[in-house]
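A closer look at the structure
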Amino acid sequence: MTDPNAIKNNPFKDLGEIPEKKYHDGYTLNSTYITVRDGVKIAATICLPKGLSPDEKIPTLLTQTRYWRAMELRIPFRWLFDSMITNAPNPEIVTSRGYALIYTDVRGTGASFGTRIIPFSEEEVKDGSDIVDWIITQPWSDGNVVSKGISYLATTAELFSGNNHRAIKAVMPGHGYWDPYTDVAFPGGCYDHAFMQMWSFLGKNLDLNSPKVFSQIMPEVWLFVKGVKPVSSDTDLKLLQDAINRHESNKYVYEHTLKRDFRDDKLPDGTVFDDISIFAQKEKIECSKVPILAWCSWYDSGYGDAIINRFMNLSNPMIAILGDWTHGAGLPANQFYPERTVVTPKPRDRINTWINFFDKCVYGDGIQGKMLYYYTLVEEEWKKTNVWPPLGHNYQKWYFSENYSLTREEPAIDVGADNYKINFRATTGRNNRWWALLGLPITYYDRNKVDEKLLCYTSQPFGSDTEITGQIILCLYMASTHEDGAVFAYFEDVDESGNVIYITDGEFRLIHRKILSTEPPYKMLTPYHSYKKVDSLPLIPGEITEVKFGLHATSVLIKKGHRIKIAIAGADKDTFIRYPTEGRPTITISRCKEFSSYIKIPIIKKE
Amino acid sequence: MEEIIPSLKGMLKDATIIKSDATRFEITITILNEIKGNVADPDEILVMLKMFGGLKEDVPMEIDINNETQIIELKFQNEEDFKKIQKIMETIWDDAVDMLEQASQGDFSRIKNVPNIDD
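Bear in mind that the values here come from a model prediction, so they are computed numbers and not experimental data.

Okay, the overall build of chain B next. Along its length, chain B carries four helices and four strands. For chain B, the α and β elements follow one another from N to C terminus as α-β-β-α-β-β-α-α. Taking 14 Å as the expected radius of gyration for a compact globule of 119 residues, we find that chain B reaches 15 Å, a close match to that expectation. Overall, chain B is about 40 × 30 × 25 Å in size when its C-alpha atoms are taken along their principal axes. Taking all 119 residues of chain B together, the buried fraction comes to 39%. Excluding contacts between residues fewer than 6 apart, the proportion of contacts in chain B whose partners are at least 24 apart in sequence is 61%. Carbon and sulfur atoms provide 45% of the accessible area of chain B, an area that totals close to 6,700 Å².

Right under this line is the structure:
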């Protein structure tokens, strides 16, 4: 098997060799409260290289989390380690490379004071600026601050750049959203019930310092962890208890989104999803001119699409990376190689590479222009491009045809349709791209068996190797017996032996099908649906309507002799809410001359 | 966390000395690593015995913790209670790390047997 590190265009190689350490191993660890503009105390842990002389000045790497900046361990493990840091990069590495590492609990969480009504509130973002003000007045600070994080911390890092603080030199969001409505909460307008419920449940328990939550979702952590780490001076834990008491007033998104449907539905403080998006802060982030290194995976929720949207829409100098691992790159996720057990490069090398990027921005000329590195599945190669879609991009239409086939020929017959009674037991299980946000592995096993419950169309074997890179567009001409419903579409590879491998998917709630001709809030390559109440259209039972939407972006090589398959479902029961809430619709997908359903696949033509 | 699990048994054994005095019904745990703050609270000792040692019932014991010397003394009223805890302490570090390792590999069978612990 090819060593992914050895092949050309590998972003981890392009970011440079790992230099000698500036400092010997070891760091000092302290924690304190930083008081921000409105008096709220933010818990911060500070790691400095051991042996830092009083006249030495160093840059700072800041991470801001809502998942406890550090954990107090149970005995006997506390007798071995002062604390466990799960949400910040390895302090040993960061400090040895000559950076101070500071990690904080965002307001309303962990050991910090304050309350939180919504995630990524304006006040939470402003806190980042106040923390920088504190950092640059420290005797060891050289006045430069960079920020990184994965998942929630990615978004705090990216929004942090929008503070336009002169000390902020670079940010690195890993596995972060661009558009929270479509990337995580309501992909295609379908409510990601599983994640939203679990995420809120986890958040509430963390904010109340209840480790028992882990016994249900991460038992190994429950065995190890007693609670959030108090700050050093809080020996009687009174400050911690006071902070936790204030978290009692926190609000959680699940309670406020469960009964909602639309992008413009209000969150508890009167804001809407767009207000906490990255795209809404585009002007501020661009104004900062801060270089961004954004990285993610094709397989992670809607966050792979977020990378592409970020790359197409932000003018900041940028390196963007799309690989084949799980959320946060803890595990491999390449469905074509399930035997793989480790992600390359390993976390230690990855962190060192990330610091190379920060070094360029702090000490060097930064980065110029934009470059997106993407990994092509099956071909197992990294590619790089400075435009999206990449050069050679061309759409190819494949029509739904008789005998459940996909063909290049447009239907010539006047009548042709397939009925499918929705099977509400259809599921991708709990190791799919959405559950992955909780840190779980990604495995779309037994697709042959799963597809038996679905309506499937399969092509003839391909005559040559074909690269598909970008977002597949699905266009269905369909009718339903009900006013509401959803379509879940799985795009798959079928090998010569008939084995079916998941490549990507897309989901779409049918009431959102209106395609708007007005300018979308950001540039996109898929049909623009507003997901707003005013644009919602219940289906008229029995009437054929056009439903056109994009699947999640991918890059894959379909090998000569393999076939492509599109499998249609009406539910994914372990992840999404059921549409409609009652009844069992039958959908009819047309495949005739007048109503020719198709998929449009983005082919990359070789030079 | 998975990276450190294999070395935890050795680290715990190197970091502690457990001694039993059968004549006085006493068990002492000495922590050799320098600990910032409190070595432990009495409640944490009970949680440890239940969580990792499989202790199901409440065993009367006096728990003295000296944060200066980093010595924890468990004193029992009778031989039966002393022996029960002594047996647990003989393998508790191995048991704790085994539970952790199993759980990190997705095997929660031993965790299911942990009695209710009110954190």
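Back to the text.
Here we take up the sheet that holds strand 7 (residues 168–174) of chain A. Residue and element names in this part refer to chain A. Across the sheet, 10 strands lie side by side as 1-2-5-3-6-7-9-10-11-12; this open sheet has mixed pairing. Strands with a single pairing partner mark the edges of an open sheet, and in this sheet they are strand 1 (27–35) and strand 12 (381–385). The mean angle between the axes of side-by-side strands here comes to 20°, regardless of whether they run parallel or antiparallel. With four bridges connecting them, strand 2 (residues 41–49) and strand 5 (residues 100–105) associate as antiparallel partners. Of the residues in strand 5, the one forming a bridge with A44 is T104. The strands touched by helix 3 (residues 122–135) within the sheet are strand 1, strand 2, strand 3 (58–65), strand 5, strand 6 (141–150) and strand 7, with strand 3 carrying the most contacts at an inclination of about 155°.

Tallied over the full model, the rule gives 41 aromatic pairs over all chains. Between the aromatic rings of W79 of chain A and W93 of chain B, the centroid separation amounts to 6.1 Å while the plane-to-plane angle is 85°, which identifies the pairing as edge-to-face. In this pair, W79 of chain A is assigned in the loop between strand 4 (71–73) and helix 2 (91–96) and W93 of chain B in helix 3 (residues 79–104), connecting two distinct chains. For W79 of chain A, a relative accessible area of 1% gives the class buried. When the ring of F195 of chain A is compared with that of W199 of chain A, the centres are 6.0 Å apart and the planes differ by 20°; the resulting orientation is stacked. Highlighted residues: F195 of chain A and W199 of chain A, both in helix 6 (residues 193–207), separated by four residues, approximately one helical turn. Here F195 of chain A and W199 of chain A have matching classes, each one buried. A connected cluster of aromatic rings, assembled from ring pairs, spans Y181, F186, Y191, F273, F508, Y531 and F549 of chain A. Directly above the ring of Y395 of chain A sits K600 of chain A, whose terminal nitrogen or CZ lies 4.6 Å from the centroid.

In many reports, interface size means the accessible area that the parts give up when they come together. Opposite the 20 residues of chain A that make contact, chain B presents 36 residues. Taken together, both faces of the contact between chain A and chain B bury some 2,500 Å²; the carbon and sulfur share is 73%. Of the charged contacts, one joins R78 of chain A and E44 of chain B as a salt bridge, the two residues approaching to 2.6 Å between their closest N and O atoms. Linking chain A with chain B are five residue pairs in polar contact (both at pLDDT 80 or more), by the criterion used here. Here the side of chain A that touches chain B is built from residues that sort into 14 nonpolar, no polar and six charged.

Quick look at the nonpolar core now. Residues I599 of chain A together with I85 of chain B are the most contacted members of the largest nonpolar core, which totals 220 residues. If you tally residues by element for this core, the top one is helix 3 of chain B, at 11 residues. Residue contacts for I85 of chain B: discarding those within four places in its chain leaves I27, L49, L55, V59, M61, L74 and F76 of chain B.

Rules of the game
Residues numbered from 1 in each chain as written. Chains lettered and ligands numbered in written order. Predicted model: local features only at pLDDT ≥ 70, side-chain atom pairs only at ≥ 80, totals over all residues. Heavy atoms only, no water. Helix = DSSP H or I, 4+ residues; strand = E, 2+ residues; numbered from the N terminus. Rg over C-alpha atoms; globule rule 2.2 N^0.38 Å. Buried < 20%, exposed > 50% of the residue type's maximum accessible area, 1.4 Å probe, protein only. Contact = heavy atoms within 4.5 Å. Areas by Shrake-Rupley, 256 points an atom, 1.4 Å probe, with all protein chains shown as cover. Pairing = 2+ DSSP bridges. Axes fitted to C-alpha atoms, helices over the stretch in contact; angles between N-to-C directions. Phe/Tyr/Trp six-rings, centres within 6.5 Å; stacked < 30°, edge-to-face > 60°. Lys NZ or Arg CZ within 6 Å of the ring centre and 35° of its normal. Buried area = accessible area lost by both parts, 1.4 Å probe. Salt bridge = Lys/Arg side-chain N within 4 Å of Asp/Glu carboxyl O. Polar contact = N/O pair within 3.5 Å; in protein donor to acceptor, adjacent residues only side chain to side chain. Nonpolar A, V, L, I, M, F, W, Y, C, P; charged D, E, K, R; others polar. Core = buried A, V, L, I, M, F, W, Y, C linked by side-chain atoms within 4.5 Å.

Worth remembering: the numbers are spatial, not functional.
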